[in-house]
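# A closer look at the structure
Chain by chain, the residues run as shown.
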Amino acid sequence: MTSGTGAVGAPAAAPADPLDPAEARRRERRSRWYRRDVRWSPYALVAPFFLFFAAFGLFPLLYTGWASLHQVELTAPNEMHWVGLRNFSRLLSDEFFWNALRNTFTIGVISTVPQLLIALGVAHLLHFKLRGSMFFRVAVLTPYATSVAAATLVFVLLFGRDYGMVNWALGQLGWGPVDWQNGTWTSQFAVSTIVVWRWTGYNALIYLAAMQAIPPDLYESAALDGASRWQQFRHVTVPSLRPTILFTCVVSTIGATQLFGEPLLFNGGAGATGGSDHQFQTLGLYLYEQGWVNLHLGRASAIAWTMFLILLLIGAANWLISRALRKETT
Amino acid sequence: MRIRTRKRGPVRVAALAVVAALGASLLAGCADDGGSLDSASSGSSSGGSGGGGTRTTLTVGVFGAFGLKEAGLYDAYMKLHPDIEIKQTSIERNENYYPQLLTHLGSGSGLADIQAVEVNNIAEVTATQAGRLEDLGKVKGVDKDAFLPWKWGQATTKDGRTVGLGTDIGPQGICYRKDLFAAAGLPTDRDAVGKLWAGDWQKYLAAGERYKAKAPKGTAFVDSASGVMAAITGGSATRYYDGDGKVVYKSNPAVKEAWDTATSFATHGLTAKLQQFQPSWDQGFANGTFATVSCPAWMLGYIQDKAGEAGKGKWDVAAAPKPSNWGGSFLVVPSAGKHRAQAAELAAWLTAPAQQATLFEKRGSFPSARAAYALPAVSGAQHAYFGGAPIGKIFAKAAEGTPVQILGPKDLIIAQNLADVGMLQVDQKGRSPEAGWNAAVKAIDNALDQ
C-alpha cells in the first residue's frame, strides 16, 4: 500500500521535460506495480477470512458429507466402510430422529416467536428518550454476554422439582409443584425460557439500531396526519424495520435449528438423552449423542447434513417470502 | 435498491447459501463451546524439556478430580526423580474426556504421556485401541500379583498384552442416616444394619418397607431406583455381555432380577425419585430427604461435600447386601508419546500398592492393588465423617467378594440407557416397569446399531 501512495506522489512532482528512456522504464514499472497493487491487494486483505473459512468451515462441511456416506466409528475414524445413502434413508424410519426434529421445531417456535416480539417491544421502549438509556441498553445485552453453561445451571435450579424457585412461587399462588424436567411441554417451555432470556436483548439492540436509522420526519408527518403512537409503530416503525426483522428471523431460525447447549445442560449431568423420554432432545443433541456418546460418526454426519439441508430450505423459503413481500409493497 | 436486487437474483441465492453455511458452522462452533464443561484442557502433547534445562516433562491426562495430583503423588515422584517434571491436564466430565481421548488416539496427536481411562470404557479401549497403547505388563516395577486378578484382566487383551494399570476400584457399601433410621425404628449400629439385609437385595427392599411404615415426613428410604440397579448389577459376573462378547442384557436373568428389584423400589414408593449426579440429588443430600444410598468408596467424599456440616455425625456406612463394584479407573500409556519408557515407569509407580494406599488415605479412592489392603493406611482406615466407620475393612471385604465381571465395549451406553431412560421413566414418570424396559431397549438398540 505504501509503495502505491509513493508512486502516486512521484509523477506529480516530476518536471515536464522529455524523459530519458531509463526514467520512462522506471515510471512504467512503477505504474505497473501500482496497478497490480490496486488490483490484488484487496484480495490479499480478504484472503485470511476465506482461508479460515476453508479450513474451519468448508472443509469440515465437505468432509462431514463424505463421512455421512460411510459407516465410521470414533474408535477407528480412519476405517470407513461405504454404505451409500443408508445413513440418510435410515433417518426416515428413525423415530428418535423424528422426535428430535419435532422437538426442535416446537422449541424453536415457542422460543423464537416470543423472543422477537418481546425484543421489538423492548427496542420500542428503549427508543424513547430515557434517563440513563445507556444503562438500559447495556443491561438488556448482559444475558447475551453470560455463558450458556452458567445461565443454564441457574435455570436448572430455578426449575427444580423439589427446591426450585418457580415451583415455590407457584406454591405461593396455590398451584401444585410441577415436574418441569419430566413433562414434554413443561421441559420444552423451560428450555425455551433460557433461549428467550439469553437472546431477547441481543435482538432488541439490533431492532433499536434499525429504528434509529428511520428518518424522524416520517414520524413527524405521521403525527401531523393524526397517527397515534400505536399507529406510528404499526405503520412507520414496523414497515421500516422489515429487512431487519427478516434478518433476525433468519438468524434466530438458524439458532433454533441448531439449539444444543441449553437442552444439553438442562439435563444436568445425564448426558445427551434430552430427558428420560427424549422429551427435549433437539437435533443438535441427537447428533451429539450419535457422534460423541454412541461414537457413530457416520450416522452423526448424516444428521448434520440433514440439518444443513433443512437450513437451506428455510433460507430458500425466507428468500421467497421476502421477495413476495417486496413485490407487494411496490 | 430494487433494480440492483433484481439484477443480482441468482447471486443473492448463492450468497444466501454461503451465509447459511457460514452461520451454521459458526453457530455450531459456539454451541460446542457452551456444551463442553472443560475445566482445563490445554491439550498440550508430550512436551520436550521443561524449564529446568534437561528435565523431561511428562503429562498426565485425567478426567474430573482424579486425585493423583491432589494426593501429592506427583510432587513425591518429582522429589524422587529430579529429572522428571509432571504436568496434568484435566477435563471435568468423562463423557467429554473419553471422545476426545479416542480422537487423539486415532490421530496419534494431542495425547498426554499417560491417560486415564474409566472402567466403563476400558473394555472398548482394550478391544479397539490396544494397538495404539504400550504393553505395561512387563514394565519394571509392575507386579501382576499385587493387583486384584479381575482388575488386571479387564485391561488385558486376548493375546495377553496388559494395556492399562488399575488405579482404584469402587467396592460398595450402603451409606445410611442414623438419625432417620432411629426415627423410623430401625437399628442404627452399622453391624446390626448390615445384618438387616445381609446376603439378599430383597431384604434391603423389606427394610425399605419397614422404613416407609414409620418414615419421618418428607423422607424416602433410598435416593433413586437406578442407584439400586447399579449396585445390584455391579455384583454379578455376567452383566450386559457374555463370555463370547455377545450382548445378552435382554436375556440375562441377573439383569432381569436387578431390574425387577430396583423397579420394586420405585413402584412401592420407596425412592426420593431423584437422578444421581444432578443438582437435585445434591440438594437431597443437603436436606436429608433420603435415608440410604448405595455408596462405592469414592462416593464417601462426595456425600461429605454435599451433606456438609449439617450432616456431620448423621451418616454411617454398612456392608451392602452382596459384594459389588461400581466404578474405578486405569492408566494407559499411548504409543504415540515421546517419552514412553519414562511414562510407563511413572504409571507403574503411581499404581503400586504404596501409592494406592496413599490415594485411599487422602482421597478415598479404594486400591485395586490387593497388596495394599494389608498396609495400615488401608486396613486401619476409619472415616470420621461417617461415625468413624472402619471403611478399610468394609470395602476390602466387598472388594474381595466381588466376582470377576465380564465387561463389554458398550457397557457404558447400555448402563446409561437402562438408568437414564428406562429406570428414570419408571421412577420419575410413574411408567410401568414393562414400559420403561421397552423404552430402554429401544434406545439401546438404536445406540448399538452402527
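Quick caveat: nothing in here was measured; it's all calculated off a predicted structure.

### Considering the overall build of chain B
Each helix and strand in chain B was counted, giving 19 helices and nine strands. For chain B, buried positions account for 52% of its 450 residues.

### A short note on the pairing of strand E1 (residues 70–73) of chain A
Residues and elements named next belong to chain A. Two elements, E1 and strand E2 (residues 76–82), share three bridges in a ladder whose sense is antiparallel. Residue Glu 73 lies in a different strand from E2, and its bridge partner there is Ala 76. Between E1 and E2, which follow one another and run antiparallel, lie two residues.

### Things to note about the domain arrangement of chain B
All names here are of chain B. Looking at the assigned domains, one finds that chain B contains domain 1 (56–169 + 328–379) and domain 2 (170–324 + 402–448). Placing a centre on the C-alpha atoms of domain 1 and another on those of domain 2 gives a separation of 28 Å. In this assembly, 17 residues from domain 1 lie in contact with 14 residues from domain 2. Broken down by secondary-structure element, the contributors of at least two residues to the side of domain 1 that touches domain 2 are helix H5 (119–128), helix H6 (149–154) and strand E4 (164–177).

### Considering the packing of helix H10 (residues 225–233) of chain B against helix H11 (residues 253–267) of chain B
Any two packed helices are characterised by how steeply their axes cross, that is the angle between the axes, and by the distance between the axes. Residue and element names in this part refer to chain B. Two elements in contact, H10 and H11, have axes separated by 8 Å at closest approach and are oriented at 155 degrees. Looking at the two axes, H10 sits roughly antiparallel to H11. By crossing handedness, the relation of H10 to H11 is classed as right-handed. Counted together, Ala 225, Val 228, Met 229, Ile 232 and Thr 233 of H10 and Val 255, Ala 258, Trp 259, Thr 261, Ala 262, Thr 263, Phe 265 and Ala 266 of H11 form the full contact between these two elements. Grouping the amino acids of the contact of H10 with H11 by side-chain chemistry returns 10 nonpolar, three polar and no charged.

### Overview of the nonpolar core
Counting 174 residues, the largest nonpolar core has Ile303(A), Ile114(B), Met229(B), Ala262(B) and Ala347(B) as its most contacted members. Ranked by the residues each element gives to this core, the list is headed by helix H18 (residues 411–429) of chain B, at 10 residues. Listed in part, the 11 residues of the second largest apolar core include Ala119(A), Ala123(A), Tyr207(A) and Leu208(A).

The rules we used
- Residues numbered from 1 in each chain as written.
- Chains lettered and ligands numbered in written order.
- Predicted model: local features only at pLDDT ≥ 70, side-chain atom pairs only at ≥ 80, totals over all residues.
- Helix = DSSP H or I, 4+ residues; strand = E, 2+ residues; numbered from the N terminus.
- Buried ≥ 20, exposed ≤ 12 C-beta atoms within 10 Å, placed from the backbone.
- Pairing = 2+ DSSP bridges.
- Domains from an automatic or database assignment.
- Contact = placed C-beta atoms within 7 Å.
- Axes fitted to C-alpha atoms, helices over the stretch in contact; angles between N-to-C directions.
- Parallel < 35°, antiparallel > 145°, perpendicular 65-115°, else oblique.
- Left-handed = near helix turned anticlockwise from the far one by under 90°.
- Nonpolar A, V, L, I, M, F, W, Y, C, P; charged D, E, K, R; others polar.
- Core = buried A, V, L, I, M, F, W, Y, C linked by C-beta atoms within 7 Å.

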